[in-house]
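# Architecture at a glance
Each chain, written out:
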Amino acid sequence: MASGRDASDWTVEHTGDEGTIRSANYRGRFRVDRRGVIRLIWQDGPEPQDHGPVSQAAKEAIEAAIRPRA
């Protein structure tokens, strides 16, 4: 399985509601809007066939980093 398809594959660095995200194969930036929607801007993103699973794993990692459970 390709790296980046699981939330644990990602490193998230953030200040508030924006930051960077990277895995072994991909990297990008993100911002969370006022409604809580995560927007990814890929700098080195996945191929179209991997876009869905990779983006979902990245968003799960971002969610865990910016909104940790108590």
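For the structure, check the block above.
Worth saying up front: this structure is predicted, and the values here are computed from it rather than measured. (Residues numbered from 1 in each chain as written. Predicted model: local features only at pLDDT ≥ 70, side-chain atom pairs only at ≥ 80, totals over all residues. Heavy atoms only, no water.)

## What to know about the nonpolar core
Inclusion rule: Note on terminology: a nonpolar core comprises buried Ala, Val, Leu, Ile, Met, Phe, Trp, Tyr and Cys residues joined through side-chain atoms within 4.5 Å. Type-normalised accessible area, obtained with a 1.4 Å probe on protein chains alone, sets the label of each residue: buried when under 20%, exposed when over 50%, and partly exposed for intermediate values. Going along the chain from the N terminus, every DSSP run of H or I of four or more residues is numbered as a helix, and every run of E of two or more is numbered as a strand. The criterion used for residue contact is that any of the two residues' heavy atoms lie within 4.5 Å.
Counting 14 residues, the largest nonpolar core has W10, V12, I21, F30, L40 and I62 as the members making the most contacts within it. Elements with a contribution of two residues or more to this core: β3 (27-32), β4 (38-44) and α1 (51-66). Top element by residues in this core is α1. It accounts for 6 residues. Sequence-distant contacts of I21, defined by excluding residues within four places in its chain, comprise W10, T11, V12, Y26, R27, G28, L40, A58, A61 and I62.

## Some points on the sheet that holds β3
So the rule is basically this: One requirement defines pairing of two strands: DSSP has to find at least two bridges between them. Note on geometry: axes are C-alpha line fits, over the in-contact stretch for helices, and angles between N-to-C directions span 0 to 180 degrees.
Taken together, the 4 strands give an open sheet; going across it, the order is β1-β2-β3-β4, and neighbouring strands pair in antiparallel fashion. The open sheet has two edge strands, β1 (11-15) and β4, and neither has a second partner. Taken over all neighbouring pairs, the strand axes of this sheet differ in orientation by 20° on average, direction set aside. Sheet topology note: the β1/strand β2 (residues 18-22) ladder contains 5 bridges and is antiparallel. Following the sheet pairing, V12 is matched in β2 by I21. The strands that α1 touches are β1, β2, β3 and β4; relative to β4, the one it contacts most, it runs at about 120°.

## Here we look at the pattern of salt bridges
Filter applied, for reference: In the sections that follow, a salt bridge refers to a side-chain nitrogen of Lys or Arg positioned within 4 Å of a carboxyl oxygen of Asp or Glu.
Tallied over the entire structure, the rule returns 6 salt bridges. Among the salt bridges present, the one from R39 reaches D33, with a minimum N-O distance of 3.6 Å. R39 sits in the partly exposed class, given a relative accessible area of 42%. When its relative accessible area of 21% is taken as the criterion, D33 is described as partly exposed. What emerges from the salt-bridge pattern is a single network uniting D33, R35 and R39.

None of this, on its own, says anything about what the molecule does.
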